[in-house]
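# Descriptive structure summary
If you want the building blocks of each chain, they are given just below.
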Amino acid sequence: MATLLDGKALSEQLGPALRARVAALARPPGLAVIQVGADPASSVYVGSKRKRAERLGFHQRSLSLPADASQAELLALVAELNADPAVDGILVQLPLPGHLDSTAILDAIDPDKDVDGFHPVNVGLLSQGRPRFVACTPLGCMKLLEHAGIKLAGLDAVVVGRSNIVGRPMAMLLEKANATVTLCHSRTRDLPAVVRRADLVVAAIGQPGFVRGDWLKDGAVVVDVGINRLPDGRLVGDVDYDAALPRCAAITPVPGGVGPMTITMLMHNTVDSSERRQARA
Ligand code: NDP
């Protein structure tokens with residue numbers, strides 16, 4: 001029977017240590033979350049982040065701009081937060097409305113407060129194997145694997161999806177952990193054959209049940225990053241979970257796998273940032 005890589009349980013387990021680190025600081029970690037517009041899914045994510053930050057004793061600021069906010073307004077808000085000594089972490093909830101240039105906004109965040117790990121400086125540090133802030137979702141996947149005692153060195157790992165938020169940094173982290181990594185995307189030839197060779201599969205595509213059970217090698221470890229809402233309201237991953245379960249050695253459920261770990265890693269990055277910044281002050 002496959003081991004469930006339970007991100008909800010691990011998140012709860014990591015809570016007390018984070019809380020203890022917060023309590024040891026002279027001032028609480030400051031996290032600013034910016035939301036532009038009122039996309040319902042984004043509002044749910046922002047709400048979860050706010051609640052978790054409050055539960056951990058952070059100084060939490062939720063900043064909302066209207067959907068028609070200008071690039072200049074958003075850049076001015078980022079500049080204000082960059083300059084605010086009580087703010088250790090700045091997060092701009094994605095996706096931004098289409099008229100805004102997300103790349104320019106993310107580039108404007110002080111790399112020392114970039115708790116999402118999307119700034120080119122932090123991506124560059126990760127690519128050189130000396131990570132500072134690492135994107136929360138791939139970092140959460142790594143913590144789940146580590147906690148389950150899965151030894152990554154020498155494994156054949158296949159990551160499906162090459163976004164800057166998930167697939168690409170995931171591939172870098174697995175390579176740093178000495179796995180042999182193949183990064184796949186929409187132009188990959190014969191994806192099922194590539195996935196069949198994998199000891200570890202990470203699916204970050206955004207299509208429900210895209211990775212079939214019979215694509216998996218017996219005993220593979222499966223990390224399903226996908227979060228897809230079906231017409232009947234159910235949330236499912238990018239892997240056909242029921243078909244994968246009897247074949248794999250371990251798998252993340254959706255929901256309750258990678259999702260909760262993403263939020264926990266945001267908190268972890270913010271505490272790291274606050275400790276570093278307060279030690280320097
Ligand atoms: P993107 O849409 O940015 O990237 C999707 C990737 O999948 C692209 O690299 C794309 O390839 C690849 N892809 C699309 N179709 C195929 C195909 N037919 N065959 C092979 N590869 C394909 O998505 P994200 O990375 O932002 O998100 C992926 C999923 O993860 C989504 O379901 C999202 O909701 C979820 N997610 C979950 C999080 C969590 O906390 N659990 C956090 C972030 C995202 P190409 O580059 O060639 O277009």
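Residues numbered from 1 in each chain as written. Predicted model: local features only at pLDDT ≥ 70, side-chain atom pairs only at ≥ 80, totals over all residues. Heavy atoms only, no water.

## Brief notes about the sheet that holds strand β2 (residues 30-36)
Stated formally: Whether two strands pair depends on DSSP finding at least two bridges between them. Numbering goes from the N terminus for both helices and strands, where a helix is a DSSP run of H or I of at least four residues and a strand is a run of E of at least two. Here an axis means a line fitted to C-alpha atoms, over the contact stretch when the element is a helix, while the angle between two N-to-C directions is reported on a 0 to 180 degree scale.
Judged by pairing direction, the sheet is parallel, and its three strands sit side by side in the order β3-β2-β4 without closing on themselves. Both outer strands of the open sheet, β3 (59-65) and β4 (89-92), are each paired with one neighbouring strand and no more. Neighbour-to-neighbour, the strand axes of this sheet turn through a mean angle of 15 degrees, independent of strand direction.

## Things to note about unusual backbone geometry
For the record, the criterion: Note on classification: 1.4 Å probe, protein chains only; a residue is buried when its accessible area is under 20% of the maximum for its type, exposed when over 50%, partly exposed between these limits.
Omega for the peptide link from Leu94 to Pro95 comes to 0 degrees, which places this bond in the cis form. When you line up the elements, Pro95 lands in the loop between β4 and α4 (102-108). Each neighbour pair has its own omega, and for Val254 with Pro255 the value is -5 degrees, a cis peptide bond. Looking at where Pro255 falls in the secondary structure, it is placed in the loop between β11 (250-251) and α10 (258-280). Even without being glycine, Asn178 reaches a positive phi, approximately 70 degrees. Inspection of the secondary structure assignment puts Asn178 in the loop between α7 (167-176) and β6 (180-184). The exposure class of Asn178 is exposed, given its relative accessible area of 53%. Backbone geometry places Asp190, a non-glycine residue, at a positive phi of 45 degrees. By the element assignment, Asp190 lies in the loop between β6 and α8 (191-196).

## Remarks on the pairing of β3
Where we set the bar: Crossovers are described as right-handed under a simple rule: with the strands pointing away from the observer, the path leading from the first strand over the helix to the second runs clockwise.
Strand direction decides the pairing type here: β2 and β3, joined by seven bridges, are parallel. Following the sheet pairing, Val33 is matched in β3 by Ser62. Once you follow β2 into helix α2 (residues 40-55) and on to β3, the crossover reads as right-handed.

## Some remarks on the sheet that holds strand β1 (residues 3-4)
Strand order in the open sheet made by the six strands is β1-β11-β8-β7-β5-β6, with parallel pairing throughout. This sheet does not close on itself; its edge strands, each paired only once, are β1 and β6. With five bridges connecting them, strand β5 (residues 156-160) and β6 associate as parallel partners. Within β6, the position partnered with Ala157 by the bridge is Val181.

## A closer look at the packing of helix α1 (residues 7-23) against α10
This is how it is decided: Should an angle fall under 35 degrees it is taken as roughly parallel, and over 145 as roughly antiparallel, whereas 65 to 115 is taken as roughly perpendicular and any remaining angle as oblique. By convention, the crossing between two helices is left-handed when the near helix turns anticlockwise from the far helix through less than a right angle, and right-handed when the turn is clockwise. The criterion used for residue contact is that any of the two residues' heavy atoms lie within 4.5 Å. Three categories are distinguished: nonpolar for Ala, Val, Leu, Ile, Met, Phe, Trp, Tyr, Cys and Pro, charged for Asp, Glu, Lys and Arg, and polar for the others, with Gly belonging to the last.
It is the contact of α1 with α10, at a shortest axis distance of 9 Å, that shows an interaxial angle of 15 degrees. The angle between α1 and α10 falls in the class roughly parallel. The two elements α1 and α10 meet at a crossing, and its hand is left-handed. Residue-level contacts link Gly7, Lys8, Leu10, Ser11, Leu14, Leu18, Arg21 and Val22 of α1 to Pro260, Met261, Thr264, Met265, Met267, His268, Val271, Asp272 and Glu275 of α10. Looking at side-chain class alone, the contact of α1 with α10 contains nine nonpolar, four polar and four charged residues.

## Remarks on the nonpolar core
Stated formally: Note on terminology: a nonpolar core comprises buried Ala, Val, Leu, Ile, Met, Phe, Trp, Tyr and Cys residues joined through side-chain atoms within 4.5 Å. Start and end points for every domain follow an automatic or database-based domain assignment.
Formed by 47 residues in total, the largest nonpolar core has its most connected members in Leu145, Leu174, Leu200 and Met267. In terms of residues, this core owes the most to one element, α10, which gives seven residues. If you count residues domain by domain, this core takes at least three from each of domain 1 (26-112) and domain 2 (136-259). Residues contacting Leu145, with those up to four places away along its chain left out, are Leu5, Ile150, Leu152, Leu174, Leu200, Val221 and Val223. Counting 20 residues, the second-largest nonpolar core is a separate cluster that includes Ile34, Ala69, Val92 and Phe118.

## A word on α1
Spelled out, the test is: The span you would expect from a helix comes to 1.5 Å times its residue count less one. Two N or O atoms count as a polar contact when they lie within 3.5 Å, although within protein this holds only if one can serve as hydrogen donor and the other as acceptor, and sequence-adjacent residues are included solely when both atoms are side-chain atoms.
Compared with an ideal rise of 1.5 Å per residue, which puts 17 residues at 24 Å, α1 spans 24 Å between its outermost C-alpha atoms and is within 8% of the ideal. Within the span of α1, buried status applies to Gly7, Leu10, Ser11, Gly15, Leu18 and Val22. Those residues of α1 that are buried lie in contact with α2, α6 (136-147) and α10. The distance from a side-chain oxygen at the start of α1 to the backbone nitrogen of Lys8 is 3.0 Å, and the residue carrying that oxygen is Asp6.

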